[in-house]
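A look at the structure
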Amino acid sequence: MKTFKEYIVENSDDYITIHRGESVHNKKGGPLKGKYYSTDREFARQFTQSGQDKEIQTRKIHKKHIMNKSDVYAGEDIEPHLKEAKQKGYKAVRFNEGKNQPDSIYVFDHSGLEK
């Protein structure tokens, strides 16, 4: 049986589902460990070791925890935007991945993630 919070997270429009493809290269250690998520499951799959579903971590995050910087390309220097988001109390930042690509959600505070 689900808890009330689990029910709310699963059924509320206030939460979005995000996905992270994991491999030996990004799962343990390193500066980007567990930080980039995608709003698109298939986009996340390209960052897995072998493309298997078990290598895709799916979480939910409340929209209020995400600072929207979708006008900023994720390949640019994002540090000033992360600093701003942290100062304003956010837990993640939405960045643009380029033309015809889904946005990335950079999660710097995992306490905002729900299963």
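Reference entry: report on the structure contained in this document. (Residues numbered from 1 in each chain as written. Predicted model: local features only at pLDDT ≥ 70, side-chain atom pairs only at ≥ 80, totals over all residues. Heavy atoms only, no water.)

The helix and strand tally for the chain stands at 3 helices and 7 strands. The secondary structure elements of the chain, listed N-terminal to C-terminal, are α-β-β-α-β-β-α-β-β-β. On C-alpha atoms alone, the chain measures out to a radius of gyration of 14 Å, which is about the 13 Å that the 2.2 N^0.38 rule sets for 115 residues. Scored against the burial criterion, the 115 residues of the chain give a buried share of 42%. Considering only intrachain contacts with a sequence separation of at least 6, the fraction spanning at least 24 residues in the chain is 59%. Here the chain has roughly 7,300 Å² of accessible surface; of this, 47% comes from carbon and sulfur atoms. Each charge class in the chain can be summarised by its mean position, and for the 22 positive and 18 negative side chains these summaries are 5 Å apart. (Helix = DSSP H or I, 4+ residues; strand = E, 2+ residues; numbered from the N terminus. Rg over C-alpha atoms; globule rule 2.2 N^0.38 Å. Buried < 20%, exposed > 50% of the residue type's maximum accessible area, 1.4 Å probe, protein only. Contact = heavy atoms within 4.5 Å. Areas by Shrake-Rupley, 256 points an atom, 1.4 Å probe, with all protein chains shown as cover. Lys, Arg positive; Asp, Glu negative; His and termini not counted. Charge placed at Lys NZ, Arg CZ, Asp CG, Glu CD.)

Here we come to the environment of Glu-55. As for its position among the elements, Glu-55 is in the loop between α2 (41-45) and β3 (56-62). Each residue touching Glu-55, except ones within four places of it in the same chain, is listed here: Arg-20, Gly-21, Glu-22, Thr-48, Gln-49 and Ser-50. Side-chain polar atoms of Glu-55 contact the backbone nitrogen of Gly-51, separated by 3.2 Å. (Polar contact = N/O pair within 3.5 Å; in protein donor to acceptor, adjacent residues only side chain to side chain.)

Let us look at the nonpolar core. Met-67, Val-72, Ala-74, Ile-78, Leu-82, Ala-85, Val-93, Phe-95, Tyr-106 and Phe-108 form the largest nonpolar core, which has 10 residues in total. Secondary structure elements with two or more residues in this core: β4 (66-73), α3 (79-87) and β5 (92-96). The residues touching Val-93, leaving out its near neighbours within four places in the chain, are Ile-66, Met-67, Lys-69, His-81, Leu-82, Ala-85, Ser-104, Ile-105, Tyr-106 and Phe-108. If you look at the next biggest cluster of nonpolar residues, it comprises 9 residues, including Ile-18, Ile-61, Ile-66 and Val-107. (Core = buried A, V, L, I, M, F, W, Y, C linked by side-chain atoms within 4.5 Å.)

Of note, His-62 is situated in strand β3. By relative accessible area, His-62 is classed as buried at 16%. A distance of 3.0 Å separates a polar atom in the side chain of His-62 from the backbone nitrogen of Lys-64. Among all residues touching His-62, those that are not within four sequence positions of it are Asp-14, Tyr-15 and Gly-112.

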